[in-house]
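# An overview of the molecular structure
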Amino acid sequence: MKRKLAISLLIWAAFAAGCASVDTTKESAVGVDRRQHMMVSADAVNQSADKAYHDVLAQAQKQNALDRDPATVERVKRIASRLIPATGALRPDAPGWKWEMHVLSSKEVNAWCMPGGKIAVYTGLIDQTKPTDDELAAVMGHEIGHALREHGREQASQQMLEQLGVGLLGALTGVNTQLAQTIADVTISLPHSRAQETEADRIGVELAARAGYDPHAAVSLWQKMDKLAGGNQPPQFLSTHPSNASRIADVTQDAQKVMPLYQAAKASGTASAGK
Ligand SMILES: [Zn+2]
């Protein structure tokens, strides 16, 4: 309780010191509009995320686990190349980010997108869920949703505040080793909040529809994930993305809402690359 009070005082002090209350995304078709409070600058977060991402890639390279299957790499890039332009409807700056995407060989069922658009898809997710392109777009859209809403920055703000306090936090600029580690933790292994998960679900469904991927694939994807959760080894993805019946019901409703966007994208030929 004392710790909680100390943290709220720190947060209050951070506001007084000029921390930012921001709108990361514009009003979305699926109604994501929560105001967010950031205590670390987007620049510091993005530069540190860049370091964290390239550390992960270097580690994978060392283990001979980086982009081993050219067909899967091509598939992830092709889907990303349709989702990324669709981000502009929610965040005009996002299509211009330095997006990167790689496939990591690992038995883990996992995928993530670090702040600033640094995507990883694990082969475990492909092998275990055998996703259609629409389902893979649903996973990637969800992860991109976290990045568009700057959930990593939000979580890192909170964690760094607890570790460093307001004074040092304000001095953070550029690449920071501790911030890079925190971003790796909050992106790869720590759960997002329930509110953040709901936002990423909604934005993921909208992005998929705008990119001409069937938004209902989010439903079958989560059903597949739920099935895996019943097995001996629940996937890592589900420890960071806790699922339940209401999630599937919500995603079904959201998919219905964005059907006109999907049909418009299909009609305009965005989906002409087919499945
Ligand atoms: Zn998520």
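Just above, that's the structure.
Bear in mind that the values here come from a model prediction, so they are computed numbers and not experimental data.

Here the focus is the sheet that holds strand 4 (residues 111-114). If you walk across this open sheet you meet the 3 strands as 3-5-4, and the pairing is mixed. Both outer strands of the open sheet, strand 3 (100-104) and strand 4, are each paired with one neighbouring strand and no more. Neighbour to neighbour, the strand axes of the sheet diverge by 15 degrees on average, direction disregarded. Relative to strand 5 (residues 118-122), strand 4 runs antiparallel, the two being bridged by 4 bridges. By the bridge assignment for strand 5, A111 is matched with V121. Packed onto the sheet, helix 3 (residues 70-86) meets strand 3 and strand 5 and runs at close to 150 degrees relative to strand 3.

Here we take up helix 9 (residues 217-229). Between its first and last C-alpha, helix 9 extends 18 Å over 13 residues, near the 18 Å set by a 1.5 Å rise per residue. Turning to helix 9, its buried residues number three or more, namely A217, A218, V219, L221, W222, M225 and L228. Taken together, the buried residues of helix 9 touch helix 4 (123-129), helix 5 (133-148), helix 8 (194-210), helix 10 (236-240) and helix 11 (245-257).

Now for the pairing of strand 5. By the criterion of burial, strand 5 is predominantly enclosed, with 5 of the 5 residues buried. Here strand 5 shows two buried faces, one formed by K118, A120 and Y122 and the other by I119 and V121. Sheet topology note: the strand 3/strand 5 ladder contains 5 bridges and is parallel. By the bridge assignment, H102 is partnered in strand 5 with A120.

Analysis parameters
- Residues numbered from 1 in each chain as written.
- Predicted model: local features only at pLDDT ≥ 70, side-chain atom pairs only at ≥ 80, totals over all residues.
- Heavy atoms only, no water.
- Pairing = 2+ DSSP bridges.
- Helix = DSSP H or I, 4+ residues; strand = E, 2+ residues; numbered from the N terminus.
- Axes fitted to C-alpha atoms, helices over the stretch in contact; angles between N-to-C directions.
- Contact = heavy atoms within 4.5 Å.
- Expected span 1.5 Å × (residues − 1).
- Buried < 20%, exposed > 50% of the residue type's maximum accessible area, 1.4 Å probe, protein only.

Without other data, these values stay purely geometric and don't point to any function.
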